[in-house]
Amino acid sequence: LKVTFTPIHRRGKGITGMIAVLQDVTEQEKLEQSRRQFVANVSHELRTPLTTIKSYAEALGDGALEERDLSTRFVGVISNETERMIRLVTDLLHLSRLDSNQAPLRRRQTNIHDMLDEVADRFSFQLRQKSISATVGVERGLKNAWLDRDQIDQVLDNLISNAIKYTLDGGQIGLTARRTADGGSIEISVKDTGIGIPKKDLTRIFDRFYRVDKARSRNMGGTGLGLSIAREIVRAHGGTIALYSELNEGSKVTFTLPLLQEGGDPE
Ligand code: ADP
């Protein structure tokens, strides 16, 4: 709470009163604090790969170049770290475009079944590598939705890549779509039989850079921004997103997309 006092002067009588203004600055303060936290996080996330790149480049300059095996390994590390930074900067740019509404939605009628089949296909290599089986199930009669295919593909890619990352070999992933009870939206879910998320972390899981296990996420190539990007895209479509999880059992992320009037009626 911010309090300011303004004295009231009367001619010849000096100060005769006082006006007190009480201003609630908690919201403003919170926003400012989360902005500062975000900048600190970004700096840290960029600094980590840069430091690694610097030290490996120095080692190469200091003689590691002469040793073929060593230099191949070091160049590999530098290349990986550079890719991580590119991913991070790409995600940040995407988020900032979503934040400033510079990513207008290009909605089209989209067949839901095809969309889910195609996302499963995009990940077939990674799924096979971990012997994870993926199934697609779409409620009967649910055909099209009015959505920005590129953006929703990004949401699905983020959710499925998480499901694969955080599921042990031999697990299962299910992609499903159905109409919500009120009939006004569709609900798409990505469910896995993975490691799950502890209860205490669930409320913060959509926050930018929040990870249950930072080291693990980094090792898996994660930027910590996947879920926040997914949430922004779903919100831009007028939908909501939620994550349910049971530790050591698995997780399920569900998002809704309203079935809009403008040509959005399901066929
Ligand atoms: P990251 O790039 O680290 O995966 P995300 O924003 O996509 O970032 O996810 C944030 C964190 O949520 C992850 O670091 C991980 O701890 C947790 N998480 C996300 N999806 C799952 C999942 N399907 N199973 C278990 N943990 C998950």
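Our subject is the structure that appears above.
Not measured: the values here are computed from a predicted model. (Residues numbered from 1 in each chain as written. Predicted model: local features only at pLDDT ≥ 70, side-chain atom pairs only at ≥ 80, totals over all residues. Heavy atoms only, no water.)

Participant: Before we move on, could you go through helix α1 (residues 26-61) and cite the residues and values that matter?
Facilitator: What sets the pattern is the α-helix's 3.6 residues per turn: residues three or four places apart point alike. When the terminal C-alpha atoms of α1 are compared, their 52 Å separation across 36 residues agrees well with the 52 Å that a helix rising 1.5 Å per residue should span. For α1, every residue scored as buried is listed here: V42, E45, P49, I53 and L60. Elements in contact with the buried residues of α1: α2 (68-99) and α7 (214-219). Phi turns positive, to about 130°, at G63, one or two residues after α1. (Helix = DSSP H or I, 4+ residues; strand = E, 2+ residues; numbered from the N terminus. Expected span 1.5 Å × (residues − 1). Buried < 20%, exposed > 50% of the residue type's maximum accessible area, 1.4 Å probe, protein only. Contact = heavy atoms within 4.5 Å.)

Participant: Explain the environment of I15 residue by residue, including any values.
Facilitator: Looking at where I15 falls in the secondary structure, it is placed in strand β2 (residues 14-23). Take I15: its relative accessible area is 54%, and that puts it in the exposed class. Apart from the residues lying within four places of it in its own chain, the contact partners of I15 are P7, I8 and H9.

Participant: Which residues make up the sheet that holds strand β8 (residues 241-246), and what values do they have?
Facilitator: With mixed pairing, the five strands of this open sheet are ordered in space as β4-β6-β7-β9-β8. Each edge of the open sheet carries a strand with a single partner, namely β4 (133-138) and β8. For this sheet, the mean angle separating the axes of adjacent strands, direction not counted, is 10°. Sheet analysis places strand β7 (residues 185-192) next to strand β9 (residues 250-258), joined by eight bridges and oriented antiparallel. The residue bridging I186 from the neighbouring strand is L257, located in β9. Contacting β4, β6 (172-179) and β7, helix α3 (residues 112-122) crosses the sheet at an angle of about 175° to β4. Strands in contact with helix α8 (residues 226-236) are β8 and β9; relative to β8, the strand with the most contacts, it is inclined by about 140°. (Pairing = 2+ DSSP bridges. Axes fitted to C-alpha atoms, helices over the stretch in contact; angles between N-to-C directions.)

Participant: Explain the pattern of salt bridges to me, and be specific about the residues and the numbers.
Facilitator: According to the stated counting rule, one finds 18 salt bridges in the structure shown. The partner of E45 in a salt bridge is R211, and the shortest N-O contact between them spans 2.9 Å. Taken together, the residues span a long stretch of sequence, with E45 in helix α1 and R211 in the loop between α6 (199-202) and α7 at a distance of 166 residues. With a relative accessible area of 8%, R211 lands in the buried category. (Salt bridge = Lys/Arg side-chain N within 4 Å of Asp/Glu carboxyl O.)

Participant: Before we move on, can you summarise the pairing of β8 with the specific residues and values?
Facilitator: Only one face of β8 is buried: it carries I241, L243 and S245, and the other face, with A242, Y244 and E246, is open. Where β8 hands over to β9, the hairpin turn is made up of three residues, of which N248 adopts a positive phi near 65°.

Participant: Go over the site of the ligand, please, and point to the residues and values.
Facilitator: Taken together, 19 residues surround the ligand, and among them N162, D192, S217, G224 and L227 come closest. D192 places a polar side-chain atom, nitrogen or oxygen, 2.8 Å from a nitrogen atom of the ligand. Looking at the shell around the ligand, the elements that each hand over two or more residues are α5 (149-165) and α8. No other element matches α5, which puts three residues into the shell around the ligand. Each residue belonging to the shell around the ligand can be placed in one class, and the counts come to eight nonpolar, eight polar and three charged. (Near = heavy atom within 4 Å. Polar contact = N/O pair within 3.5 Å; in protein donor to acceptor, adjacent residues only side chain to side chain. Nonpolar A, V, L, I, M, F, W, Y, C, P; charged D, E, K, R; others polar.)

Participant: If you had to explain the nonpolar core to someone new, which residues and values would you point to?
Facilitator: With 48 residues, the main nonpolar core has I112, I152, I188 and F255 as its most contacted residues. Looking at this core element by element, the count peaks at seven residues for α5. Not counting the four nearest positions on each side in its chain, I112 is found in contact with V138, K143, N144, A145, L147, A177 and I186. Of all hydrophobic cores here, the second largest spans six residues; its members include L60, F74, I78 and M85. (Core = buried A, V, L, I, M, F, W, Y, C linked by side-chain atoms within 4.5 Å.)

Participant: Let's hear about α5: which residues, and what values?
Facilitator: Its 17 residues place the ends of α5 24 Å apart at the C-alpha level, agreeing with the 24 Å of an ideal helix rising 1.5 Å per residue. Capping the start of α5, D148 holds a side-chain oxygen 3.1 Å from the backbone nitrogen of D150, two or three residues further along.

Participant: Mind laying out the packing of α5 against α8, listing which residues take part and the relevant values?
Facilitator: At their nearest, the axes of α5 and α8 sit 9 Å apart, and the two run at 150° to each other. It follows from the interaxial angle that α5 and α8 lie roughly antiparallel. Taken as a pair, α5 and α8 cross one another with a handedness that is left-handed. Contacts from Q151, I152, Q154, V155, N158, L159 and N162 of α5 reach α8 at G226, L227, I229, A230, I233 and V234. By residue class, the composition of the contact of α5 with α8 is eight nonpolar, five polar and no charged. (Parallel < 35°, antiparallel > 145°, perpendicular 65-115°, else oblique. Left-handed = near helix turned anticlockwise from the far one by under 90°.)

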